[in-house]
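Next come the chains, spelled out residue by residue.
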Amino acid sequence: MINKLFDSVEAAVADIHDGATILIGGFGLAGMPAELIDALIAHGARDLTIVNNNAGNGETGLAALLKAKRVRKIICSFPRQVDSYVFDSLYHAGEIELELVPQGNLAERIRAAGAGIGGFFTRTAYGTPLAEGKETRIIDGQGYVFESPIHADFALIKADTADRWGNLTYRKTARNFGPIMAMAAKCAIVQVSRVVELGEMDPEHIVTPGLFVKRVVKVGAAGASAENANAA
C-alpha cells in the first residue's frame, strides 16, 4: 500500500545531509514551509545550498536557517527586501555565497530540471554581469544567454491538501514555486494543512501529482492561518 504520510516534520527531514541542495518554496511568506524549515534547523544539517525566490524575511523560516549559519550558498532572485537584514549581515561579512538569478530564469531553470531539459537560451541578462562566464549566442539578430537547469537533492514545499499518495492542491498564491520544485528534486517533502482520503480530491483540481512527491506531513492550524493571511 502506497502511503507517503509521515508522523512528524522531524521524521520527514531526518535524512537531509550536510552539503545538500534544497529547493524551498514560497514567495516571501506566502507558501513558505516554515515548520519544515524549523525541523531542518533542529536536525542540524549544514553547508547547504538553498534555492528560493528571496533570502528570508525577518528572523523566521528561511531567515532563521540563515541566522543559524547552516547555509553555504543561496540561489535566489530577490535577496534585498526591507527585512532581509539577516542575509545582508552574512553577505557583507563574507559568510554566505550568493548566486543572483532573474526571477523568470530561476523559475525556468527549476522547471527545466523537472522536465529533463538540458538547458535553454534566454535574452534575459544578455550583456550584463549575470551573463559572465556563460555561453552566449546571436539568434535572429538577438543576443541570448544559455542557462542550465537547477537540480536538487530535496525540496521543502507547503501545499494545502494532500492524500496518502502525495497528490497536492495549493491555496491561491501560496502555490508559487511548489509544483516545479516538486518535479526538480530527488525527494520532495511537503507540509500540508489537510489530509483527505483517496478519491476525495477531484482529479481535475490536483496540481502536483503524487508521482513527484516522496513525503507528506500534516502541520497544525496555526501554520495554515498564517498562510491564509499571506496568500489572500
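Here the structure is shown first, and the text comes after it.
If you're wondering where the values come from, they're calculated on a predicted model, not measured in any experiment.

A. Molecular detail of the environment of R70. Mapped onto the elements, R70 comes out in the loop between α3 (62-67) and β4 (71-76). Beyond its immediate chain neighbours, meaning those up to four positions away, R70 contacts L40, I41, G44, A45, R46, D47, L48 and L65.

B. How the structure looks around a nonpolar patch on the surface. Nonpolar side chains collect at one region of the surface, where I2, W165 and L198 lie side by side and expose about 270 Å² of accessible area between them. Relative to the helices and strands, L198 is located in the loop between β13 (194-195) and β14 (215-218).

C. Up close: the sheet that holds strand β1 (residues 5-6). An order of β1-β14-β12-β9-β2-β3-β4-β5 is seen for the eight strands of this open sheet, with the pairing classed as parallel. Only two strands of the sheet have a single neighbouring strand rather than two, namely β1 and β5 (97-100). Two elements, strand β2 (residues 21-24) and strand β9 (residues 152-158), share three bridges in a ladder whose sense is parallel. The residue of β9 that forms the bridge with L23 is A155. Set on the sheet, helix α2 (residues 34-43) makes contact with β2, β3 (48-51), β9, β12 (185-192) and β14; between it and β12 the angle comes to about 120°.

D. The pattern of salt bridges, seen in detail. Throughout the structure, instances matching the rule amount to 13 salt bridges. Here R72 and E97 are joined by a salt bridge, their closest N and O atoms 3.4 Å apart. Placement of the pair is R72 in strand β4 and E97 in strand β5, with a sequence separation of 25 residues. Of the residues examined, R72 reaches a relative accessible area of 37% and is grouped as partly exposed. For E97, a relative accessible area of 39% gives the class partly exposed.

E. Structural context of the sheet that holds strand β8 (residues 142-147). Read across the sheet, three strands follow the order β6-β8-β7 without closing on themselves; strand pairing throughout is antiparallel. Unpaired on one side and paired on the other, β6 (120-122) and β7 (136-139) mark the two borders of the sheet. For this sheet, the mean inter-axis angle between neighbouring strands, taken without regard to orientation, is 40°. With four bridges connecting them, β7 and β8 associate as antiparallel partners. Each residue of the ladder has a partner; that of T136, found in β8, is V145. With respect to the sheet, helix α5 (residues 103-115) is in contact with β6 and β8, its orientation differing from that of β6 by roughly 170°.

F. Quick look at the nonpolar core. One finds I16, I22, I50, L65, L156 and I189 to be the most contacted residues of the largest nonpolar core, which totals 34 residues. The element best represented in this core is α2, accounting for five residues. Dropping the residues within four chain positions of it, I22 is found in contact with I16, L40, L48, T49, I50, V51, F154 and L156. Counting 26 residues, the second largest nonpolar core, distinct from the first, contains V101, A113, A162 and Y170.

G. Broad picture of unusual backbone geometry. Positive phi outside glycine occurs at K69, with the angle close to 60°. With respect to the secondary-structure elements, K69 resides in the loop between α3 and β4. A positive phi angle is found at D140, which is not glycine, with a value near 50°. Along the polypeptide, D140 turns up in the loop between β7 and β8. The class for D140 is exposed, based on a relative accessible area of 79%.

H. Region of interest: the packing of aromatic side chains. According to the stated counting rule, one finds two aromatic pairs in the structure shown. For the pair F87 and Y91, a centre-to-centre distance of 5.5 Å together with 20° between the ring planes defines the contact as stacked. Taken together, the residues F87 and Y91, both in helix α4 (residues 85-92) and four residues apart, mark about one turn of the helix. For F87, a relative accessible area of 2% corresponds to the buried category.

Definitions and cut-offs
- Each chain has its residues counted from 1, running along the sequence as written.
- Where local features are concerned, this predicted model is filtered to residues with pLDDT of at least 70; where side-chain atom pairs are given and counted, the filter is 80 or more; whole-chain, interface and lining totals use all residues.
- To get the side-chain values, all heavy atoms of the structure are used, and hydrogens and water are removed first.
- Helix numbers and strand numbers start at the N terminus; a helix is a DSSP run of H or I with at least 4 residues, a strand a run of E with at least 2.
- Working rule for contacts: check all heavy atoms of both residues, and any pair within 4.5 Å makes them a contact.
- Each patch groups residues whose relative accessible area exceeds 30% and which form no salt bridge, using 9 Å between like charges and 5 Å between nonpolar side chains of Val, Leu, Ile, Met, Phe, Trp and Tyr.
- Computed by Shrake-Rupley with a 1.4 Å probe, the accessible areas treat only the displayed protein chains as cover when residues are assessed.
- Any carboxyl oxygen of Asp or Glu that lies within 4 Å of a side-chain nitrogen of Lys or Arg is treated as forming a salt bridge with it.
- A pair of strands is considered paired only if DSSP assigns at least 2 bridges between the two.
- Each axis is a line fitted through C-alpha atoms, taken for helices only over the stretch in contact, and angles between the N-to-C directions span 0 to 180 degrees.
- Note on classification: 1.4 Å probe, protein chains only; a residue is buried when its accessible area is under 20% of the maximum for its type, exposed when over 50%, partly exposed between these limits.
- The definition of a nonpolar core used throughout is a set of buried Ala, Val, Leu, Ile, Met, Phe, Trp, Tyr and Cys residues joined through side-chain atoms within 4.5 Å.
- Working definition: a ring pair exists when centres of Phe, Tyr or Trp rings (six-membered ring for Trp) sit within 6.5 Å. Plane angles under 30 degrees give stacked, over 60 give edge-to-face, the rest tilted.

Everything listed is a geometric property; what it means functionally is a separate question.
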